Amino acid sequence: MTRKFFLPLVLCSVALAQTSTPAPPAGAPVSARALQIHNSAIIVDTHADTPQRFLDEGFDIGSTDPNDIGHVTLDKAKRGNMGAEFFSIWVEPLSNQGHYAQHTFDLVDSVYEQAARHPDRMMMAFSVADIERAHREHKLAALMGIEGGHSIENDIRLLRDYYRLGVRYMTLSWSNTNEWADSSGDIDDPKVQHHNGLTDFGKQVVLEMNRMGMMVDISHVSDKTFWDTIATTKAPVIASHSSARALVDAPRNMTDDMLRAVTKNGGVVQVNFFNGFDDEDFRKAMVAQKKDQDAVMKEYVEKRKAEGKTVTYVDLDRIEREWMAKIPRPPLKVLIDQIDHVAKVAGVDHVGLGSDFDGVSGATPQGINSAADLPKITQALLDGGYSAADIKKILGGNLLRVFGEVEKVSREMQAGTSH
């Protein structure tokens, strides 16, 4: 949810860099050529916060409610030809203190329950081969990524348990620094104890993820944690939902040096769809209203507590949506410019899609209202001069290549052949 984004905001501004790629108007039709490219690709999105809805709202991914404001349903995924979704297992650190693992298990279970409810349209997937099989069977491949290393409660055995349950990536830190990895979200907070990047245990976590075949995700981490991870990992890394700092000066975004380091590492940067990371004007407007928004949020939480009621993700998301709606949505071009920038700096083999669907309180660019709108991205890339082969890489091919390489490194390490 968008509350996830406020911690990383910084107040300094940067001139918004421009790229030349055009984007169609929000309501523009998608051409037959773009649809042909789009529908022949395996489209992989690496970050959707929908499990919060499964758990807190009792939401059914098979919903056909025309008034549903969510980004991901089976119908919307099918209309957008989404082949695989990594559902985010995000444990809010303050409200879940003392039971991070329990809440992690509950969220994991919620994804399995959805797949069990819709076996004809959705299947759990744990490998590249599974994603390809789901594609052949015309089913949505459901994968999982843990968003925040605090979920392992400093226990490498829990990390292994999560892998056994099907978790295939972990973001080393969320917006909170944990006991072994610094976050970009609180790096300037003097009250938080930092480690100057990754601790020795943090490096152990990275290597154990490499050994098991779990992708290492560097979205949300501090700059030093990023560089420590790059120096430690034996496998390519991913940024599951990050954009470029050269265009929008949020510390959650990646510098050009980081983008180049991911290229050298063989990894992939999955561009976030959130307006606050993709459009500098939107980010500044968020900063400007943050104080008032925080006050409203605080008052609501205190009122609920006084009434002896719990505050859910759904409650807070409703308030977030009201505040996000006060800021004009930027055109689709801002997202395309981000993809374009990463493709130019890191290379077209190192960029993909990490939407953050259902986690940004509706704050996506014009025309991107759900997974059904993914073909518009293909149209915009085609209009920008990208070849069909490169578009397919961006839509999912690059992530599948990295996932396959992570699986290969795992096999080598387990066989004792890795150096």
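The preceding data block contains the structure.
Residues numbered from 1 in each chain as written. Predicted model: local features only at pLDDT ≥ 70, side-chain atom pairs only at ≥ 80, totals over all residues. Heavy atoms only, no water.

This paragraph deals with the overall build of the protein. Assigned secondary structure in the protein consists of 16 helices and nine strands. For 419 residues, the compact-globule estimate of 2.2 N^0.38 gives 22 Å, and the protein sits close to it at 20 Å. In terms of its C-alpha atoms, the protein occupies a principal-axis envelope of roughly 55 × 55 × 45 Å. In the protein, 76% of the contacts between residues at least 6 apart in sequence involve partners at least 24 apart. Of the accessible surface of the protein, which amounts to about 15,900 Å², a share of 52% is contributed by carbon and sulfur atoms. Considering the protein, the positive charge centre built from 46 side chains and the negative charge centre built from 58 side chains are found 2 Å apart. (Helix = DSSP H or I, 4+ residues; strand = E, 2+ residues; numbered from the N terminus. Rg over C-alpha atoms; globule rule 2.2 N^0.38 Å. Contact = heavy atoms within 4.5 Å. Areas by Shrake-Rupley, 256 points an atom, 1.4 Å probe, with all protein chains shown as cover. Lys, Arg positive; Asp, Glu negative; His and termini not counted. Charge placed at Lys NZ, Arg CZ, Asp CG, Glu CD.)

Looking now at the packing of helix H7 (residues 156-164) against helix H8 (residues 200-212). Two numbers describe how H7 lies on H8: the axes approach to 11 Å, and their chain directions differ by 25°. Of the possible angle classes, the one that applies to H7 and H8 is roughly parallel. Crossing of H7 over H8 shows right-handed handedness. Contact residues: H7 offers Ile156, Leu159, Arg160 and Tyr163, while H8 offers Phe201, Gln204, Val205, Glu208, Met209, Arg211 and Met212. (Axes fitted to C-alpha atoms, helices over the stretch in contact; angles between N-to-C directions. Parallel < 35°, antiparallel > 145°, perpendicular 65-115°, else oblique. Left-handed = near helix turned anticlockwise from the far one by under 90°.)

What follows deals with the nonpolar core. Among the nonpolar cores identified, the biggest contains 80 residues, and Phe87 and Ile339 are the most heavily contacted of them. Formed by 23 residues, the second largest nonpolar core is a distinct cluster that contains Ala134, Ile238, Val268 and Val409. (Core = buried A, V, L, I, M, F, W, Y, C linked by side-chain atoms within 4.5 Å. Buried < 20%, exposed > 50% of the residue type's maximum accessible area, 1.4 Å probe, protein only.)

A word on the side chain of Asn96. Residue placement: Asn96 occurs in the loop between strand E2 (82-89) and helix H5 (100-117). Asn96 gets classed as buried once you look at its relative accessible area, which sits at 6%. Excluding its chain neighbours within four sequence positions, the residues that come into contact with Asn96 are Val91 and His103.

Pairing between side chains of opposite charge can happen when their charged atoms approach one another. If you walk through the whole model with that rule in mind, you get 29 salt bridges. Among the ionic pairs, Asp257 bridges to Arg260, the shortest N-O distance being 3.0 Å. Residue Asp257 and its partner Arg260 are located together in helix H10 (residues 256-265), separated by three residues, close to a single helical turn. Glu307 is paired through a salt bridge with Lys309; the nearest N and O atoms lie 3.5 Å apart. If you follow the salt bridges from partner to partner, you end up with Arg53, Glu57, Asp68 and Lys76 in one network. (Salt bridge = Lys/Arg side-chain N within 4 Å of Asp/Glu carboxyl O.)

Now for the packing of helix H2 (residues 32-39) against helix H16 (residues 388-415). Relative to each other, H2 and H16 sit at 50°, their axes nearing to 9 Å. Between H2 and H16, the crossing angle belongs to the class labelled oblique. In this structure, H2 crosses over H16, and the sense of that crossing is right-handed. Together, Arg33, Ile37 and His38 of H2 and Ala388, Ile391, Lys392 and Leu395 of H16 make up the contact between the two elements. For the contact of H2 with H16, the per-class residue count stands at four nonpolar, one polar and two charged. (Nonpolar A, V, L, I, M, F, W, Y, C, P; charged D, E, K, R; others polar.)

In terms of backbone geometry, most residues other than glycine have negative phi values and most peptide bonds are trans. Although it is not a glycine, His138 sits at a positive phi angle of roughly 60°. Following the sequence through the fold, His138 ends up in the loop between helix H6 (128-136) and strand E4 (140-147). Of note, Glu153 is a non-glycine position whose phi angle comes to about 50°, a positive value.

Let's shift gears to the environment of Asn210. In this structure, Asn210 sits in helix H8. Linking Asn210 and Glu407, residues 197 residues apart in sequence, is a C-alpha distance of 8.5 Å.

Now for the pairing of E2. The buried fraction of E2 amounts to eight of the eight residues, a majority that puts the element mostly inside the structure. Of the pairings in the sheet, the one linking strand E1 (residues 43-48) to E2 comprises four bridges and is parallel in character. Each residue of the ladder has a partner; that of Asp45, found in E2, is Glu85. The pairing of E2 with E4 spans six bridges and is classified as parallel. Pairing of Glu85 across the sheet is with Ala142, part of E4. (Pairing = 2+ DSSP bridges.)

We now examine helix H13 (residues 313-324). Over its twelve residues, H13 extends 16 Å from the first C-alpha to the last, a length consistent with the 16 Å expected when each residue adds 1.5 Å. In terms of burial, H13 is largely enclosed, as nine of its twelve residues are buried. For H13, the set of buried residues is Tyr313, Asp315, Leu316, Asp317, Ile319, Glu320, Arg321, Trp323 and Met324. (Expected span 1.5 Å × (residues − 1).)

Here we take up the side chain of Ser240. Along the chain, the position of Ser240 falls in the loop between strand E7 (238-239) and H10. Discounting residues that sit within four places of it in the chain, Ser240 has contacts with Thr46, His47, Tyr169, Thr171, Asp217, Ser219, Gln270 and Gly354.

Of note, Lys203 is situated in helix H8. Separated by 25 residues in the primary sequence, Lys203 and Asp228 place their C-alpha atoms 7.9 Å from one another. The contacts of Lys203, once residues within four sequence positions are left out, are Leu198 and Thr232.

For the rest of this paragraph, the subject is the packing of aromatic side chains. Evaluation of the coordinates by the stated rule reveals ten aromatic pairs. Ring centres of Phe86 and Tyr169 lie 5.5 Å apart, and the angle between their planes is 35°; on these two criteria the pair is classed as tilted. Residue Phe86 is found in strand E2, and its partner Tyr169 is found in strand E5 (residues 167-171); the two are separated by 83 residues along the sequence. Comparing Phe86 with Tyr169, the two get one shared label, buried. Seen from their ring centres, Phe226 and Trp227 are 4.9 Å apart, and the 85° between their planes marks the pair as edge-to-face. Aromatic rings pair up to connect Phe86, Tyr169 and Phe403 into one cluster. The ring of Phe59 carries the charged tip of Arg53 above its face, separated from the ring centre by 3.8 Å. Positioned above the aromatic ring of Trp323 is the side chain of Lys326, whose terminal nitrogen or guanidinium carbon lies 4.7 Å from the ring centre. (Phe/Tyr/Trp six-rings, centres within 6.5 Å; stacked < 30°, edge-to-face > 60°. Lys NZ or Arg CZ within 6 Å of the ring centre and 35° of its normal.)

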